[in-house]
Amino acid sequence: MASERNRPCICGSGKKFKRCCALRKPISRSFVVEWETPTVVEGVRIGPNGEVEFLSAGRVLVPKRSWTELSRERAKSQKMLSRIPNRFPTIGLDEFRALAAYDRVFAIDTNTVSIEGIDASISSFFECIFRKDGRIDAIERGFFRIVGKRPKEREKLGWMYLIKIIQQSPDFKPSSIYGVISDADLGNHDSYNQQKAEYQVGVMIPINFKIIYASSEGGELASKILRRCDRIAKNGLGRLRAAKGRVIEPIKNIDTHTTLVEICVFDQIPENDGWMKL
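About the criteria used
- Residues numbered from 1 in each chain as written.
- Predicted model: local features only at pLDDT ≥ 70, side-chain atom pairs only at ≥ 80, totals over all residues.
- Heavy atoms only, no water.
- Salt bridge = Lys/Arg side-chain N within 4 Å of Asp/Glu carboxyl O.
- Helix = DSSP H or I, 4+ residues; strand = E, 2+ residues; numbered from the N terminus.
- Buried < 20%, exposed > 50% of the residue type's maximum accessible area, 1.4 Å probe, protein only.
- Pairing = 2+ DSSP bridges.
- Axes fitted to C-alpha atoms, helices over the stretch in contact; angles between N-to-C directions.
- Patch = residues over 30% accessible without salt bridge, like charges linked within 9 Å, V, L, I, M, F, W, Y side chains within 5 Å.
- Areas by Shrake-Rupley, 256 points an atom, 1.4 Å probe, with all protein chains shown as cover.

**Student:** How would you explain the pattern of salt bridges if you had to name every residue and give the values?
**Tutor:** Across all of its chains, the model carries eleven salt bridges by this definition. Between arginine 83 and glutamate 69 there is a salt bridge; the shortest N-O distance is 2.6 Å. Of this pair, arginine 83 sits in strand 6 (residues 78-85) while glutamate 69 is found in strand 5 (residues 65-73), placing the two residues 14 residues apart along the sequence. Across the pair lysine 234 and aspartate 230 runs a salt bridge, and its minimum N-O distance is 3.3 Å. With lysine 234 and aspartate 230 both in helix 5 (residues 221-243) and four residues apart, this pair spans about one turn of that helix. For lysine 234, a relative accessible area of 47% corresponds to the partly exposed category. Each of Glu34, Lys64, Arg65 and Asp190 takes part in a single network of salt bridges with overlapping partners.

**Student:** How would you sum up the environment of glutamate 73? Please name residues and give values.
**Tutor:** Assignment of secondary structure puts glutamate 73 in strand 5. Each C-alpha atom, one on glutamate 73 and one on isoleucine 27, is 7.8 Å from the other, the two residues being 46 residues apart in sequence.

**Student:** Lay out the pairing of strand 10 (residues 178-182) in plain terms, naming residues and giving numbers.
**Tutor:** Buried residues dominate strand 10, accounting for five of its five residues. Side chains Tyr178, Val180 and Ser182 of strand 10 all project onto a buried face; the interleaved residues Gly179 and Ile181 project onto the opposite face, where all are buried too. Pairing between strand 10 and strand 11 (residues 209-214): five bridges, direction parallel. Following the sheet pairing, isoleucine 181 is matched in strand 11 by isoleucine 212.

**Student:** Describe in detail the sheet that holds strand 3 (residues 52-56), supporting the description with residues and values.
**Tutor:** Taken in spatial order, the three strands make up an open sheet running 2-3-4, and their pairing is antiparallel. Looking at which strands have only one partner, the edges of the open sheet turn out to be strand 2 (43-46) and strand 4 (59-61). On average, each strand axis in the sheet is inclined to that of its neighbour by 45 degrees, with strand direction left out of account. Sheet topology places strand 3 next to strand 4; three bridges connect them, and they run antiparallel.

**Student:** Explain a nonpolar patch on the surface residue by residue, including any values.
**Tutor:** A cluster of nonpolar side chains, namely Val41, Val44 and Ile46, defines an oily patch on the protein surface of about 240 Å² accessible area. Tracing the chain through its elements places valine 44 in strand 2. For valine 44, a relative accessible area of 47% corresponds to the partly exposed category.

**Student:** Talk me through the pairing of strand 6; I want residue IDs and the actual numbers.
**Tutor:** Among the eight residues of strand 6, six are classified as buried, and the element is accordingly described as predominantly covered. Sheet topology note: the strand 5/strand 6 ladder contains seven bridges and is antiparallel. Its bridge partner being in strand 6, serine 71 is matched across the sheet by methionine 80. Where strand 6 lies against strand 11, two bridges are found, and the strand directions are antiparallel. Looking at the pairing, serine 82 lines up with alanine 214 of strand 11.

Without other data, these values stay purely geometric and don't point to any function.
So this is what it looks like as structure tokens:
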């Protein structure tokens, strides 16, 4: 038992297990459903892969919306680790199935530092490829570098750039559903995903995109993906700080009030740091 506790924690934090997840409460898996009208559920059927069906009078009920959630109890409040809007008919407790139901899934994370009195940010983004053997290839697709006095909500500015890149790519399909994993602004995800609120001034999340929440804490699937984005973004900030922002150039055709923006999108998978097997 002692040797197990001294091993690196499975969450990927780099700490020993005894100083990391061994001190935390277990993770709870749950799903949340919303019905179109008040509905009586007489039974619930859970399949071998965690898929869930709601039953009444011998028939399967179809909820209006549902989410797959992972959380951990804390002294003050519950810590949400991931919240994935489900694509019908996928409802269940399994994070992999919930994410794989999307046509394409991306993850993005933004880190910011001050360089000689000017805020500088880097957003790293990945695409997640779901394999039949239950593994995921997380492919680094590019990054944004943002330098200027504005805005405060740079995480969501990163969403806007990523969505624009996806929409402008040759393989974009308006009929496909795209998921974007982020750790920002969980409280407003539902309003953004229903087009009830703007996430940037004058900008709504497109109807075929869904913002998916994941925290970088913990060893679960979405958290691992986000932690990878965070690590790449922090490395990029180190290089940017060393260059004192001199490498930044304006980019055309991006509607923004930010001072300077550079976007790099990889046409090919980087040789050294592009793959993460989960």
